[in-house]
Every structure is written in structure tokens, then in C-alpha cells.
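Listed here are the chains, written in short residue letters.
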Amino acid sequence: MTSKQRSYLKGLAMNIDPIFQIGKSGLTPEITNAVIEALEAREIIKITVLKNCMDDGSNIAQVLSERTHSEIVQVIGRRMVLYKQAKEEAKRKISLPK
């Protein structure tokens, strides 16, 4: 992903609310599966790591990125933005700049 594409996605992410919260149980398989489904439906999502979670936000973002085969757009403190292009061309909502 180029810096221009990442910048474009950051701009889109500013206007969306977090749809997942990771709490003290950490990153469970259920959360991972829900993130996969959300990425397929929305392409870009924002996730918040709660204060009672012992893991670091950037570590969770890295693990989620590997498990979901998505791109980390941004990690700021306890918030992260992930992007994954939809498999079907008809479902794609975001067109990245070249």
C-alpha cells in the first residue's frame, strides 16, 4: 500500500465510529471471525482497545492484520483502522488512488 493510498484511507476513517471493542479477554477467535465478516462487508473498520485489556494496541493490530489478511491503515493509542479490499468486485465500495 502506498502512502497516498494510506492517507486516503485515513481520511475515510476519520468519519467512522469504532465497531468493535477489545476488552480484558483480549483477542478471541470470536472477535477475529467478526472482524473478518465486518471487513468483507465494509472494507474499512475502526477498532478500540479498552483500558482493561492488557495487550498493546499496536500488537493487537499486527495480530489481527495477520489473521484477517488485512492492511493496518493506522494505529493511534488504543484505536486502530484496518482495511481489506472486498473479494467480489460488485461489493467493493472503496476505490484507492493509484
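Residues numbered from 1 in each chain as written. Predicted model: local features only at pLDDT ≥ 70, side-chain atom pairs only at ≥ 80, totals over all residues. Heavy atoms only, no water.

Observations regarding the overall build of the protein
- Broken down by element type, the protein carries 3 helices and 4 strands.
- Counting from the amino terminus, the protein carries its helices and strands in the arrangement α-β-α-β-α-β-β.
- Principal-axis analysis of the C-alpha atoms places the extent of the protein at approximately 40 × 25 × 20 Å.
- In the protein, which comprises 98 residues, the share counted as buried stands at 39%. (Helix = DSSP H or I, 4+ residues; strand = E, 2+ residues; numbered from the N terminus. Buried < 20%, exposed > 50% of the residue type's maximum accessible area, 1.4 Å probe, protein only.)

Brief notes about the confidence of the model for the protein
- The predicted model of the protein has a mean per-residue pLDDT of 90, with 100% of residues at 70 or higher.
- Confidence, expressed as mean pLDDT per element, reaches its minimum in the protein at helix H1 (residues 3–13) with 91 and its maximum at strand S4 (residues 79–83) with 95. (pLDDT = per-residue confidence, 0-100.)

Re H1
- Every buried residue of H1 is accounted for by Gln5, Leu9 and Ala13. Here the buried residues of H1 occupy an arc of 75° about the axis, which is enough to place them on one side. Residues of H1 that are exposed and point over 90 degrees away from its buried face: Ser3 and Lys4.
- In this fold, the buried residues of H1 make contact with strand S2 (44–49), strand S3 (71–76) and S4. (Arc of directions from axis to C-beta. Contact = heavy atoms within 4.5 Å.)

Points about helix H2 (residues 29–42)
- Counted at 1.5 Å a residue, the expected span for H2 with its 14 residues is 20 Å, and the 20 Å between its end C-alpha atoms agrees.
- Those residues of H2 not exposed but buried are Ile31, Thr32, Val35, Ala38, Leu39 and Glu40.
- Next to the buried residues of H2 lie strand S1 (20–22), S2, helix H3 (57–68) and S4.
- Where H2 terminates, the next one or two residues include Glu43, which has phi positive at roughly 75°. (Expected span 1.5 Å × (residues − 1).)

Structural notes on unusual backbone geometry
- Phi angles above zero are rare outside glycine, and Glu43 is one such case at about 75°.
- Since its relative accessible area comes to 0%, Glu43 is described here as buried.
- Phi is positive for His69, close to 60°, though the residue is something other than glycine.
- Its place among the elements puts His69 in the loop between H3 and S3.
- Residue classification places His69 among the exposed residues on the basis of a relative accessible area of 63%.

Things to note about the environment of Ile44
- Relative to the helices and strands, Ile44 is located in strand S2.
- Residue Ile44 is classed as buried on the basis of its relative accessible area, which comes to 9%.
- What Ile44 contacts, discounting residues up to four positions off in sequence, is Leu9, Ala13, Ile16, Val81, Leu82, Tyr83 and Ile94.

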